[in-house]
Amino acid sequence: MLRAIVIDDIETIRKKNSALIKSSCPNISIIGQADSVESGIKIIKQLSPDVVFLDVEMPDGTGFDLLQKLKPFNFKVIFITGFEDFAIKAFRFSAIDYLLKPLDSNELIEAVKKAEDSMSKEVFDMKLNNLFANLERPKNLQKLILKTADKIYSVNIQDIVNCESEKNYTTFNFINAPKLVVSTNLKEYESLLTPFNFFRTHQSHLINMAYFDHFIKTDGGNTIVMKNKATIPLSVRKKEEFLTLLDNQ
């Protein structure tokens, strides 16, 4: 049995989530609840849980504040949030799972399973430190967690020149570092990186416009040349959007 604490500032949601956890996850025993950062810290220190179901936003701070004040800690964390806001982007950049309110039983069961089977404490700490740092960094200094077959990297977004996809794999090419291959499709990274001046030029290509050099028009197609001399195809259906983007740079 995993001993768990549920932290949420709204009593009705806290009780509802606790009931769903009990009915969906027989391997979880809820040993306590809290309604704030302050009370959450107190009960965690008192009961030493295995898992904490942690609300992100509370009246006296955030779940991130709670974890910062408890570092180092030994429990697993399952984040819960009711807001599609900056926190969601931070989770995704740091490759940390989260649940949206209202909780879905299947997603809850999967999150608990991941917590049970989760990576080493070192890896989780790396992801969490990346998340904490990104919450404090300006937009142009954000870092992205990338998981290759044998390692996990924290990379500077501004160092990414372009991304190329092949089936369910994405290759990241950098301005001054070896390429990295991850087993995540390009659509996920397009969603994350488009707000950072990245553009999907083709079904298989995403580029950082900061490294765009010039554009070649030919009878056979259209080619983008990057500052590192890499050549990237531009699909016909993306050409007008790309030229509009260039006009606005």
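See the structure printed just above.
*Asks:* Looking at this structure, I do not really get the overall build of the chain. What am I missing?
*Replies:* The number of helices and strands found in the chain is 8 helices and 17 strands. Viewed in the frame of its principal axes, the chain has a C-alpha envelope of about 70 × 35 × 30 Å. Within the chain, the fraction of its 249 residues that count as buried is 44%. Restricting to contacts in the chain with at least 6 residues of sequence separation, those with at least 24 account for 55%. Of the roughly 13,200 Å² that the chain leaves accessible, carbon and sulfur atoms contribute 50%. Between the mean site of the 32 positive side-chain charges and the mean site of the 32 negative ones, the chain shows a separation of 3 Å.

*Asks:* Looking at this structure, I do not really get the sheet that holds strand S11 (residues 169-174). What am I missing?
*Replies:* Paired through backbone hydrogen bonds, the strands of a sheet run either parallel or antiparallel to each other. Strand order in the open sheet made by the 5 strands is S12-S11-S10-S14-S13, with antiparallel pairing throughout. The open sheet terminates on both sides in strands that have one partner only, identified here as strand S12 (180-182) and strand S13 (198-202). Each neighbouring strand pair of the sheet contributes to a mean axis angle of 20°, computed without reference to strand direction. Direction of pairing for S11 relative to S12: antiparallel, over a ladder of 3 bridges. The partner of Phe172 across the bridge, within S12, is Leu180. Strand contacts of helix H8 (residues 236-247): S13 and strand S14 (205-208), with the helix running at about 150° to S13, the strand carrying the most contacts.

Scoring rules and cut-offs
- Residues numbered from 1 in each chain as written.
- Predicted model: local features only at pLDDT ≥ 70, side-chain atom pairs only at ≥ 80, totals over all residues.
- Heavy atoms only, no water.
- Helix = DSSP H or I, 4+ residues; strand = E, 2+ residues; numbered from the N terminus.
- Buried < 20%, exposed > 50% of the residue type's maximum accessible area, 1.4 Å probe, protein only.
- Contact = heavy atoms within 4.5 Å.
- Areas by Shrake-Rupley, 256 points an atom, 1.4 Å probe, with all protein chains shown as cover.
- Lys, Arg positive; Asp, Glu negative; His and termini not counted.
- Charge placed at Lys NZ, Arg CZ, Asp CG, Glu CD.
- Pairing = 2+ DSSP bridges.
- Axes fitted to C-alpha atoms, helices over the stretch in contact; angles between N-to-C directions.

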